[in-house]
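Residues per chain, in single letters:
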Amino acid sequence: ETKTITDWKVTSAWALKYDKPDWVAQENLYAHMHRHHEVPVENLEIIAILRDWHERYLNQPDYPPVAVARVVLPLWSPDEAQAFLETKVRVHQNARAGNYLHCSDGERWRDSKGAYKRCESWCQVRKFCEQGGSR
């Protein structure tokens, strides 16, 4: 009825300070699938449940005023979504053939000191990854 795709996510309150390209891509691929099945989509949103929200931080700039936040995401055109999907499929096909792309500094969560926080803490394949340094 609202032509809106809504996804619910549990995340950190502090995470809302940053752009979420993964969320944008995920929701746009959902929209792309809906359009493929002739279901119109006009809006994308995330309802973020902020697991670490606390009122003592309300004086911080850009801190969410409540523990649940609505995040509106941009909607890609059908052509943009199709191009993104085709690129991702090619990346996976190349990886199956043994041709891997290196992760960017942003994907690896490089901090101002040069440490890669994702590789050290959150990467599920770090024990296999040449970039993660744990091989």
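Predicted model only: the values in this text are computed from it and were never measured.

Peer 1: An account of the sheet that holds strand S1 (residues 4–11) is needed here, citing residue identities and associated values.
Peer 2: Spatially, three strands are ordered S1-S2-S3 in an open sheet, and the strand pairing comes out mixed. In the strand order of this sheet, the two ends are held by S1 and strand S3 (68–73), each with one partner. Neighbour-to-neighbour, the strand axes of this sheet turn through a mean angle of 25°, independent of strand direction. As paired strands, S1 and strand S2 (residues 43–50) are joined by eight bridges and run parallel to one another. Opposite Lys 9, over in S2, you have Ala 48 as the bridge partner.

Peer 1: Quick rundown of the packing of helix H1 (residues 21–36) against helix H2 (residues 78–96)? Include the residues and the values.
Peer 2: Helices that pack against each other are described as a pair by the angle of their axes relative to one another and the distance between those axes. Two elements in contact, H1 and H2, have axes whose closest approach is 10 Å; the angle formed by their N-to-C orientations is 110°. Between H1 and H2, the angle is such that the two are roughly perpendicular. As for the relative orientation of H1 and H2, their crossing is left-handed in sense. Listed contacts from H2 to Ala 25, Asn 28, Leu 29, His 32 and Arg 35 of H1 are Pro 78, Ala 81, Gln 82, Phe 84 and Leu 85.

Peer 1: Account for the nonpolar core, naming residues and giving values.
Peer 2: If you look at the biggest cluster of nonpolar residues, it comprises 16 residues, and the most contacted ones within it are Leu 44 and Leu 73. Beyond its immediate sequence surroundings of up to four residues, Leu 44 is in contact with Ile 5, Glu 27, Asn 28, Ala 31, Val 71, Val 72, Leu 73, Pro 74 and Leu 75.

Peer 1: Run through the pattern of salt bridges, naming residues and quoting values.
Peer 2: Pairing is possible between side chains that carry opposite charge, provided their charged atoms lie close to one another. Taken as a whole and judged by the stated rule, the model has four salt bridges. Notably, a salt bridge pairs Lys 3 with Glu 42, separated by 3.7 Å at the nearest N-O pair. Taken as a pair, Lys 3 in the segment before S1 and Glu 42 in the loop between H1 and S2 lie far apart in primary sequence, 39 residues in all. Exposure remark for Lys 3: the relative accessible area of 36% places this residue in the partly exposed category. The class for Glu 42 is partly exposed, based on a relative accessible area of 49%. Put simply, Asp 7 and Lys 9 hold a salt bridge, and the shortest N to O gap is 3.3 Å. Asp 7 sits in the buried class, given a relative accessible area of 15%.

What counts and what doesn't
Residues numbered from 1 in each chain as written. Predicted model: local features only at pLDDT ≥ 70, side-chain atom pairs only at ≥ 80, totals over all residues. Heavy atoms only, no water. Pairing = 2+ DSSP bridges. Helix = DSSP H or I, 4+ residues; strand = E, 2+ residues; numbered from the N terminus. Axes fitted to C-alpha atoms, helices over the stretch in contact; angles between N-to-C directions. Parallel < 35°, antiparallel > 145°, perpendicular 65-115°, else oblique. Left-handed = near helix turned anticlockwise from the far one by under 90°. Contact = heavy atoms within 4.5 Å. Core = buried A, V, L, I, M, F, W, Y, C linked by side-chain atoms within 4.5 Å. Buried < 20%, exposed > 50% of the residue type's maximum accessible area, 1.4 Å probe, protein only. Salt bridge = Lys/Arg side-chain N within 4 Å of Asp/Glu carboxyl O.

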